[in-house]
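# Reading the structure
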Amino acid sequence: MGALRRGAVDQVAPLRTEPGDIIFTGTPEGVIVGMPKEKQVWLKAGDRIISRIEKLGTLKVDLA
């Protein structure tokens, strides 16, 4: 198991999970830094994140 995956598992290990639970881990550190400045888009207050899973539903989160 890779170091990044182990880190994600370590963060979740204390939580009780059930079949079908979804864990959002985000993007590895430094990914956006490799993009040209004009394509770097950061999340900010007021942004909305929408995640859809076919036949399951939609999760909407508004950032404060």
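This text goes with the structure placed above it.
Predicted model, so just to flag it, every value in this text is computed and none were measured. (Residues numbered from 1 in each chain as written. Predicted model: local features only at pLDDT ≥ 70, side-chain atom pairs only at ≥ 80, totals over all residues. Heavy atoms only, no water.)

## Concerning the side chain of Asp-47
Convention followed: Helix and strand assignments follow DSSP, with helices taken as H or I runs no shorter than four residues and strands as E runs no shorter than two, numbered in order from the N terminus. Three labels apply to residues, based on accessible area from a 1.4 Å probe with only protein chains included: buried if under 20% of the type maximum, exposed if over 50%, partly exposed otherwise in between. For this analysis, a polar contact is any N or O atom pair within 3.5 Å, provided that within protein one partner can donate a hydrogen and the other can accept it, and provided that sequence-adjacent residues contribute only side-chain to side-chain pairs. By definition in these notes, contact holds between two residues if any of their heavy atoms fall within 4.5 Å.
Note that Asp-47 resides in the loop between helix H1 (3–12) and strand S1 (48–53). You can call Asp-47 buried: its relative accessible area is 18%. Here the side chain of Asp-47 touches Lys-44 through a polar contact of 2.9 Å, landing on its backbone nitrogen. When residues no more than four places from it in sequence are discounted, the contact partners of Asp-47 are Trp-42, Val-61, Asp-62 and Leu-63.

## With respect to the pattern of salt bridges
We apply this condition: The salt bridge definition used is simple: a Lys or Arg side-chain nitrogen within 4 Å of an Asp or Glu carboxyl oxygen.
Tallied over the full model, the rule gives three salt bridges. With a shortest N-O distance of 2.8 Å, Glu-18 and Arg-16 are connected by a salt bridge. Asp-62 is paired through a salt bridge with Arg-48; the nearest N and O atoms lie 2.7 Å apart. Here Arg-48 lies in strand S1 and Asp-62 lies in strand S2 (residues 57–62), a separation of 14 residues in the sequence.

By themselves these figures say nothing about function.
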